[in-house]
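Architecture and fold: a report
Below are the chains, spelled out letter by letter.
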Amino acid sequence: MDNNKDSIILGIESSCDDTSAAVIKNGVLLSNVIANQDVHQQYGGVVPELASRAHQENIVPVVDTALKNANIKSTELTAIAFTRGPGLLGSLLVGTSFAKSLSLALTIPLLDVHHMKAHIHAHFIKEKEIEKTNPNFPFLCLTVSGGHTQIVWVEAPLKMKVLGSTIDDAVGEAFDKAGKAMGLGYPAGPIIDKLAQKGDVSKYQFTFPKAGKYDYSFSGLKTQFLNFLNKEKQKNNQFVEDEIHHICASYQSHLIKYLISNLEKVMLKHSCNDIALAGGVAANSELRKQIKILGKKHNCKTHVPNFEYCTDNAAMIAISGYFMEKEKLFTDLSVSASARMNM
Ligand code: KG4
Ligand code: ZN
């Protein structure tokens, strides 16, 4: 791309159960369309086969609407950024194949985006006429989603290093699986968040499972929670109904204390002026509050993304692509979707 030409990037996200497309022009967001898949709610989790089928139905109308909302013709696009991974392979394949076909038809370059890096890049989404302060480099980012839990050292937009991560489940799964055991809907994270508002955070106690230095184990915590629930239900079969607010508040508070405690350990070793939150669980109200308290305690500026850019969206894929386009980090048509990808 020549430097005087406008950059107009179409972003495509299809890594899990949201089909999304976005357009950014010279780094400014023009549109961001997301089609959620309600079909999974009845199963208490994402069913991969149903997810890829729904992506196939949604991708054309979602991309079409994103272009229309942005008032951009497909022939004006300068590049296509898509999520290559990590995620569900069948879901990723839909976005990847669509992006490749469109790039071939329009003869424009392709940018293969790492989904977790894009969650961090969500902090740099610029909206027209909305002033915001970006995190200063280097910063530490706690990246928390349904598939990942990581503490990332971000030196530059495309220079990141994972300092700690979960050794098994992600924190989003710890929310969702606990919710399933309590008969809540899917995804349970936002439901637990809401129910917890009226509960006592110290009514029920849990312990912190041990993992590596800055690592987490949420599978251990989930098992602890399920054992606790079974034990209490033996004493009172109405336990969940009677105590739902207190259970949610205590469990949520524990998950968040665990997240924050490792982040604080890292902060004591890796000094920086800015810390940030990213990923779907970054929408959690208690986590947003606690990370701000942590930042204040250590004299750091704290950045939490807008709610719409926490959970999966294509605006973050497009901005990630924008950073890659500047460095001419294009890929070619031989690229394939990848369920697992290192940072
Ligand atoms: O980033 P995301 O949309 O998809 C993945 O890349 O995984 O994250 C989805 C996760 C789900 O586990 C969902 O329960 C969780 O984010 N989540 C929340 C909240 N909103 C979404 N967890 C706790 N509190 C919330 N308010
Ligand atoms: Zn995600």
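A few points on the structure. Within each chain, residue numbers correspond to sequence positions counted from 1 in written order. Starting at A for chains and at 1 for ligands, labels are handed out in the order in which the entities are written. Totals for whole chains, interfaces and linings use all residues, but because this is a predicted model, local features are given only for residues with pLDDT of at least 70 and pairs of side-chain atoms are given and counted only at 80 or more. To get the side-chain values, all heavy atoms of the structure are used, and hydrogens and water are removed first.

The number of helices and strands found in the protein is nine helices and 11 strands. For the protein, the C-alpha radius of gyration of 20 Å lies close to 20 Å, the compact-globule estimate for 343 residues. Along the three orthogonal principal directions, the C-alpha set of the protein runs to about 65 × 45 × 35 Å. Here the term buried applies to any residue with accessible area under 20% of the maximum for its type, exposed to any over 50%, and partly exposed to those in between, with areas from a 1.4 Å probe on protein chains only. Within the span of the protein, comprising 343 residues, buried residues form 53% of the whole. Here a residue-residue contact requires only that any non-hydrogen atoms of the pair lie within 4.5 Å. Sequence-distant contacts in the protein: of pairs separated by 6 or more residues, those separated by 24 or more amount to 73%. Every accessible area reported is derived by Shrake-Rupley at a probe size of 1.4 Å, with residue values counting cover from the shown protein chains alone. Summed over its atoms, the accessible surface of the protein is roughly 15,600 Å², and 49% of this surface lies on carbon and sulfur atoms. Only four residue types enter the charge count, namely Lys and Arg as positive and Asp and Glu as negative; His and the chain termini do not. Here the site of a charge means atom NZ of a Lys, CZ of an Arg, CG of an Asp or CD of a Glu. Here the protein carries 36 positive and 34 negative side-chain charges, and the mean point of each set is 6 Å from the other. A run of H or I in DSSP counts as a helix once it spans at least four residues, and a run of E counts as a strand once it spans at least two, with each numbered from the N terminus. Here the radius of gyration uses the C-alpha set of atoms, whereas the globule reference equals 2.2 Å times the residue count to the power 0.38.

What follows is about the site of ligand 1. Among the 18 residues in the neighbourhood of ligand 1, the closest are listed as Gly146, Asp176, Asp193, Asn284 and Asp312. In the model, an oxygen atom of ligand 1 is placed 3.2 Å from a nitrogen or oxygen of the His115 side chain. Between ligand 1 and Gly146 there is a distance of 2.8 Å, counted from an oxygen atom to a backbone nitrogen or oxygen. Considered on its own, ligand 1 offers 560 Å² of accessible surface; in the complex 90% of this is hidden by protein. Listing elements by their share of the shell around ligand 1, those giving two or more residues are α3 (115-121), α4 (171-181) and α5 (188-196). Note on residue classes: Ala, Val, Leu, Ile, Met, Phe, Trp, Tyr, Cys and Pro are nonpolar, Asp, Glu, Lys and Arg are charged, and everything else, Gly too, is polar. Taken together, the residues of the shell around ligand 1 break down into five nonpolar, 10 polar and three charged. By convention in this text, a residue qualifies as near a molecule or strand provided that one of its non-hydrogen atoms is within 4 Å of it. Polar contact is defined as a pair of N or O atoms within 3.5 Å, subject to the rule that within protein one atom must be able to donate a hydrogen and the other to accept it, and that residues adjacent in sequence are counted only when both atoms are side-chain atoms.

Next up on the list: the sheet that holds strand β10 (residues 274-278). In any sheet, the strands associate via hydrogen bonds between backbone groups, in a parallel or an antiparallel arrangement. DSSP calls a pair of strands paired once it identifies at least 2 bridges connecting them. In spatial order, the strands read β9-β8-β7-β10-β11; together these five strands make up an open sheet with mixed pairing. Each end of this open sheet is capped by a strand with a single partner; those strands are β9 (159-165) and β11 (301-303). Between one strand axis and the next, the sheet turns through 20 degrees on average, direction left out of account. Here five bridges tie strand β7 (residues 139-144) to β10, and the two strands are oriented parallel to one another. Bridge pairing in β10 links Leu142 to Leu277. Of the strands in this sheet, β7, β8 (149-156), β9 and β10 are in contact with helix α7 (residues 239-269), which crosses β7 at around 160 degrees. To get an axis, fit a line to the C-alpha atoms, keeping to the stretch in contact for a helix; angles then go from 0 to 180 degrees between the N-to-C directions.

Moving on: the coordination of the zinc ion (ligand 2). The donor definition counts N, O and S atoms within 2.8 Å of each metal and applies 3.2 Å to Na, K and Ca; water is not among these atoms, so some sites may look incomplete. Here the zinc ion (ligand 2) is held by the protein donor atoms His115 (NE2), His119 (NE2) and Asp312 (OD), which lie 2.0 to 2.1 Å from it. Each donor residue of the zinc ion (ligand 2) lies on one chain, and together they are spaced H-x3-H-x192-D. Residue His115 and its partner His119 are located together in helix α3, separated by four residues, close to a single helical turn.

What follows concerns the packing of aromatic side chains. Centres within 6.5 Å are what make two rings of Phe, Tyr or Trp a pair, Trp counting through its six-membered ring; a difference in plane orientation under 30 degrees is then read as stacked, over 60 as edge-to-face, and the rest as tilted. All chains considered together, the criterion is met by 17 aromatic pairs. Seen from their ring centres, Phe124 and Phe139 are 6.3 Å apart, and the 45 degrees between their planes marks the pair as tilted. Highlighted residues: Phe124 in the loop between α3 and β6 (126-127) and Phe139 in strand β7, separated in sequence by 15 residues. The same class applies to Phe124 and to Phe139, which are both buried.

Grouping buried Ala, Val, Leu, Ile, Met, Phe, Trp, Tyr and Cys residues that are joined through side-chain atoms within 4.5 Å yields what is termed a nonpolar core. Counting 50 residues, the largest nonpolar core has Leu140, Leu142, Met182, Phe218, Phe225 and Leu287 as its most contacted members. When contributions to this core are tallied by element, the ones reaching two or more residues are β7, β8, α4, α5, α6 (218-235), α7, β10 and α8 (285-297). Counting residues per element, this core draws most heavily on α7, which supplies 15 residues. Residues Ile24, Leu111, Tyr309 and Tyr322 belong to the second largest nonpolar core, which totals 30 residues.

We now examine the pattern of salt bridges. One side-chain nitrogen of Lys or Arg within 4 Å of one carboxyl oxygen of Asp or Glu is enough to make a salt bridge. In total, this model carries 12 salt bridges according to the counting rule given. Among the salt bridges present, the one from Asp64 reaches Lys68, with a minimum N-O distance of 3.0 Å. Linking Asp64 with Lys68, this pair stays in helix α1 (residues 48-70), spanning four residues, or about one helical turn. The salt bridge partner of Asp169 is Lys177, with a shortest N-O separation of 3.6 Å. Classification of Lys177 by relative accessible area gives partly exposed; the value is 33%.

Turning next to unusual backbone geometry. The residue after Phe137, namely Pro138, is reached through a cis peptide bond having omega -10 degrees. Across the junction of Tyr186 and Pro187, the peptide omega takes the value -10 degrees, indicating a cis bond. Along the chain, Pro187 falls in the loop between α4 and α5. Notably, Asn26 is not glycine yet its phi reads approximately 50 degrees, a positive angle. Following the sequence through the fold, Asn26 ends up in the loop between β2 (18-25) and β3 (28-36). Its relative accessible area of 32% is what places Asn26 among the partly exposed residues.

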